[in-house]
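Here are the chains, one letter per residue:
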Amino acid sequence: MRKPIIAGNWKMNLKVAEAVALAEALKPLVADAAAVEIVVCPTYVSLYSVAKALAGSNIAVGGQDAYVKESGAYTAAISPQMLADAGCTWTIIGHSERRHIFGDTDTLLNEKLRFALASGLKVMFCIGELLEERKSGKMEDVIKRQVVEGLKGLSSADLANVVLAYEPVWAIGTGETASPEQAEEVHVFTRALVRDMFGADAAEAIRIQYGGSVKADNAAELLAKPNVDGFLVGGAALKADSFAAIIKAGC
Ligand code: PGA
């Protein structure tokens, strides 16, 4: 059985005091949610304070990206070592906003993933197609490229510290959620790709989150699908009660 993992990606939202207040508000609401692994990913600026607020709780903290060097002349970048030092055990890599707004390529994302893992972080690695790619029948090609290029060079042992997040770009922040059937179809396809690369045991073990307009009222039906192993949540993770309600759907 794969333990569901539900993560909140706070993106570029919340000032430090607001982020800490959200963490403090969330803590008691999900304190008994032992059936689910919970992660929140604040901005770099808020990480340290949020991690301190959540120390000793059942909510882990993650970054939203991590660069491929430990330190040095890389203006505005943050290393996995710095994330860990600030209290993170996780980071997101390959979010569609990194791919499409900031131009992160498959090659760079593979480097980021490998360096984060080698640095001791666990990674939520995101994949997902654009609407025009889905409409023009290229969805499977895109997912395959992102998985094959993204996971290149990893060992099966590395994979134990990776969660995949399927986030169709057309569903992110749009209010348009993939149907449970659409999500399940891509999750099954993705798991088969992992099987081809790493074998049946690794494919069975890896958790695949869904992301894209997840809310309390669609979480349970998505999670009921056998290959949906949790969520990466954007907008609905910015309020303690709505994020807690999504977590409760996983319990
Ligand atoms: P959303 O974002 O829940 O606001 O659609 C999801 C994500 O980008 O991780």
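Look above for the structure.
The residue count restarts for each chain, going from 1 along the sequence in the order it is written. Side-chain atom pairs in this predicted model are given and counted only at pLDDT of 80 or more, local residue features only at pLDDT of at least 70, and totals for whole chains, interfaces and linings cover all residues. For the side-chain quantities, the full set of heavy atoms in the structure was used; hydrogens and water were omitted.

Q: Tell me about the pattern of salt bridges, and name the residues and values.
A: Salt bridge, as used here: a side-chain nitrogen of Lys or Arg that lies within 4 Å of a carboxyl oxygen of Asp or Glu. Taken as a whole and assessed by the stated rule, the structure comprises 15 salt bridges. Linking D106 and R145 is a salt bridge whose minimum nitrogen-to-oxygen distance equals 2.6 Å. You can see D106 sitting in helix 5 (residues 106–118) and its partner R145 sitting in helix 7 (residues 139–150), a full 39 residues away along the chain. Note that K225 and E181 form a salt bridge whose closest N and O atoms lie 3.5 Å from each other. Helix numbering and strand numbering both begin at the N terminus, where a helix is a DSSP run of H or I of at least 4 residues and a strand a DSSP run of E of at least 2.

Q: Just give me the short version of the environment of A34, but keep the residues and values in it.
A: With respect to the secondary-structure elements, A34 resides in the loop between helix 1 (16–29) and strand 2 (37–41). Burial here depends on accessible area, computed with a 1.4 Å probe over protein chains only, as a share of the maximum for the residue type. Under 20% is buried, over 50% is exposed, and the range in between is partly exposed. Judged by relative accessible area, A34 falls into the exposed class, the value being 62%. For the pair A34 and N58, spaced 24 residues apart in sequence, the C-alpha to C-alpha distance is 7.9 Å.

Q: How would you summarise a nonpolar patch on the surface if you had to cite specific residues and measurements?
A: Among the surface-exposed residues, V16, Y44 and V45 lie close enough to one another that they form a single nonpolar patch of about 250 Å² accessible area. As for its position among the elements, V45 is in helix 2 (residues 44–54). Surface patches are defined over residues having more than 30% relative accessible area and no salt bridge, joining like charges when they lie within 9 Å and nonpolar side chains (Val, Leu, Ile, Met, Phe, Trp, Tyr) when within 5 Å. Throughout, the Shrake-Rupley method with a 1.4 Å probe supplies accessible areas, and for residues the shown protein chains are the sole cover considered.

Q: Lay out the site of the ligand with the relevant residues and their values.
A: Any residue with a heavy atom positioned within 4 Å of a molecule or strand is treated as near that molecule or strand. Taken together, 13 residues form the shell around the ligand, and within it K11, H95, E167, G173 and S213 come nearest. Each polar contact in these results corresponds to two N or O atoms within 3.5 Å; when the atoms are within protein, one needs to be able to donate a hydrogen and the other to accept it, and residues that are neighboring in sequence are counted only if both atoms are side-chain atoms. At a separation of 2.6 Å, an oxygen atom of the ligand approaches a polar side-chain atom of H95. In this structure, an oxygen atom belonging to the ligand sits 2.8 Å away from a main-chain N or O atom of G234. Calculation on the ligand without its partners gives an accessible area of 280 Å², and the protein chains cover 95% of this total.

Q: Mind laying out the packing of helix 11 (residues 216–223) against helix 12 (residues 240–249), listing which residues take part and the relevant values?
A: Under this scheme, a helix contributes an axis fitted over its contacting stretch, all axes are lines through C-alpha atoms, and angles between N-to-C directions fall in the 0 to 180 degree range. Axis separation between helix 11 and helix 12 bottoms out at 8 Å; the angle between their running directions is 20°. Here helix 11 is positioned roughly parallel relative to helix 12, judged by the angle of their axes. The interaxial crossing formed by helix 11 with helix 12 has right-handed handedness. Touching A216, A219, A220 and L223 of helix 11 are A245, I246 and A249, all from helix 12. Gly is put with the polar residues, along with every residue not named as nonpolar or charged; the nonpolar set is Ala, Val, Leu, Ile, Met, Phe, Trp, Tyr, Cys and Pro, and the charged set is Asp, Glu, Lys and Arg. Its residues assigned to classes, the contact of helix 11 with helix 12 shows seven nonpolar, no polar and no charged. Roughly parallel covers angles under 35 degrees, roughly antiparallel covers those over 145, roughly perpendicular covers 65 to 115, and oblique covers all other angles. Helix crossings are classified by the rotation of the near helix relative to the far one: an anticlockwise turn of less than a right angle makes the crossing left-handed, while a clockwise turn makes it right-handed. Any two residues whose heavy atoms approach within 4.5 Å are treated as being in contact.

Q: Lay out the packing of helix 1 against helix 2 with the relevant residues and their values.
A: Two numbers describe how helix 1 lies on helix 2: the axes approach to 9 Å, and their chain directions differ by 30°. Comparing the axis directions of helix 1 and helix 2 gives the class roughly parallel. For the crossing formed where helix 1 meets helix 2, the hand is right-handed. Contacts between helix 1 and helix 2 involve V16, A19, V20, A23, E24 and K27 from the first element and V45, S46, S49, V50, A53 and L54 from the second. Taken together, the residues that form the contact of helix 1 with helix 2 break down as eight nonpolar, two polar and two charged.

Q: Before we move on, can you summarise the sheet that holds strand 4 (residues 90–93) with the specific residues and values?
A: DSSP bridges decide pairing: two strands pair if at least two such bridges lie between them. With parallel pairing, the eight strands of this closed barrel are ordered in space as 1-2-3-4-5-6-7-8. For this sheet, the mean inter-axis angle between neighbouring strands, taken without regard to orientation, is 25°. In this sheet, strand 3 (residues 59–63) lies alongside strand 2 in parallel orientation, the contact comprising three bridges. What sits directly across from V40, in strand 3, is V61. The sheet strands contacting helix 9 (residues 180–198) are strand 5 (122–127), strand 6 (162–166) and strand 7 (207–211), and the helix crosses strand 7 at an angle near 145°.

Q: Would you mind going over helix 1 in detail, with residue names and values included?
A: Compared with an ideal rise of 1.5 Å per residue, which puts 14 residues at 20 Å, helix 1 spans 21 Å between its outermost C-alpha atoms and is within 8% of the ideal. Among the residues making up helix 1, those that are buried are A19, L22, A23 and L26. Seen from one end, helix 1 has its buried residues packed into an arc of 100°, which puts them on one side. Exposed residues on helix 1 whose side chains face more than 90 degrees from its buried face are A17 and P28. Close packing links the buried residues of helix 1 with strand 2, helix 2, strand 3 and helix 12. Under the convention used throughout, the expected extent of a helix is 1.5 Å for every residue step, that is, one less than its residue count. Regarding the arc, it is the one traced by the directions from the helix axis to the C-beta atoms.

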